[in-house]
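# Observations on the three-dimensional arrangement
Listed below, chain by chain, are the residues.
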Amino acid sequence: MRHRVEGRKFGRETDQRRLMMNNLVKSMIEHGQITTTLAKAKEMRRYVERVVTYGKNDTVHSRRLAYKVLGDRTLVKKLFTEIAPAFQDRNGGYTRIIKAGYRRGDSAPMAVIQFVESSTITPKKEHIKAKDLNK
């Protein structure tokens, strides 16, 4: 029986699972949205929401807690200066999960997870044309 057992195992050992979730959270903070399997997106949401909540309270302690998950100073700085201020008036629910069909190889259900306030967080990427590189 699974009474009071939280989280998914994903067929991995504890340390591998923890590192996988940390890498997914890092990618989410860096890019604003990622595409992954539906189960990983649902599990990752817990960690992303917790890190964004750390970012809303700008103290040394909360920065250290965020650094413990992210492990990169530039990502912590981005979290505290760009992402968390966009959610200052919101009490949770910082992400949305959009189903994106099935993966071709194994028919795993895929999903896109992104921040709700994605227009203010995700920077617009400018495309560089090939003729601009030759200059």
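Our structure is the block above this text.
The following refers to the structure shown. (Residues numbered from 1 in each chain as written. Predicted model: local features only at pLDDT ≥ 70, side-chain atom pairs only at ≥ 80, totals over all residues. Heavy atoms only, no water.)

### A short note on helix H1 (residues 14–31)
- Along its 18 residues, H1 runs 26 Å from first to last C-alpha, staying within 8% of the 26 Å computed at 1.5 Å per residue.
- Inspection of H1 places Arg17, Met20, Met21, Asn22, Leu24, Val25, Met28 and Ile29 among the buried residues, and these make up the whole buried set.
- Among the structural elements, strand S1 (33–37), helix H2 (38–56), helix H3 (60–70), helix H4 (73–86), strand S2 (95–102) and strand S3 (109–115) are those in contact with the buried residues of H1.
- Positive phi appears at Gly32, one or two residues downstream of H1, with a value of about 90°. (Helix = DSSP H or I, 4+ residues; strand = E, 2+ residues; numbered from the N terminus. Expected span 1.5 Å × (residues − 1). Buried < 20%, exposed > 50% of the residue type's maximum accessible area, 1.4 Å probe, protein only. Contact = heavy atoms within 4.5 Å.)

### Side note on the sheet that holds S2
- Spatially, S1-S3-S2 is the arrangement adopted by the 3 strands of the open sheet, whose pairing is antiparallel. Strand pairing shows two members of the sheet lacking a second neighbour, S1 and S2, which therefore form its edges. Averaged over all adjacent pairs, the angle separating strand axes in this sheet is 25°, with direction ignored.
- Note: S1 against S3, 5 bridges, orientation antiparallel. (Pairing = 2+ DSSP bridges. Axes fitted to C-alpha atoms, helices over the stretch in contact; angles between N-to-C directions.)

### Quick notes on the side chain of Lys56
- As for its position among the elements, Lys56 is in helix H2.
- In this structure, Lys56 is buried with no salt-bridge partner, the nearest side chain bearing the opposite charge being Asp89 at 7.8 Å.
- Engagement of the side chain of Lys56 in a polar contact is seen with the backbone oxygen of Arg90, the distance being 2.5 Å.
- In contact with Lys56, other than residues within four places in its own chain, are Ala84, Phe87, Gln88, Arg90, Asn91 and Tyr94. (Lys, Arg positive; Asp, Glu negative; His and termini not counted. Salt bridge = Lys/Arg side-chain N within 4 Å of Asp/Glu carboxyl O. Polar contact = N/O pair within 3.5 Å; in protein donor to acceptor, adjacent residues only side chain to side chain.)

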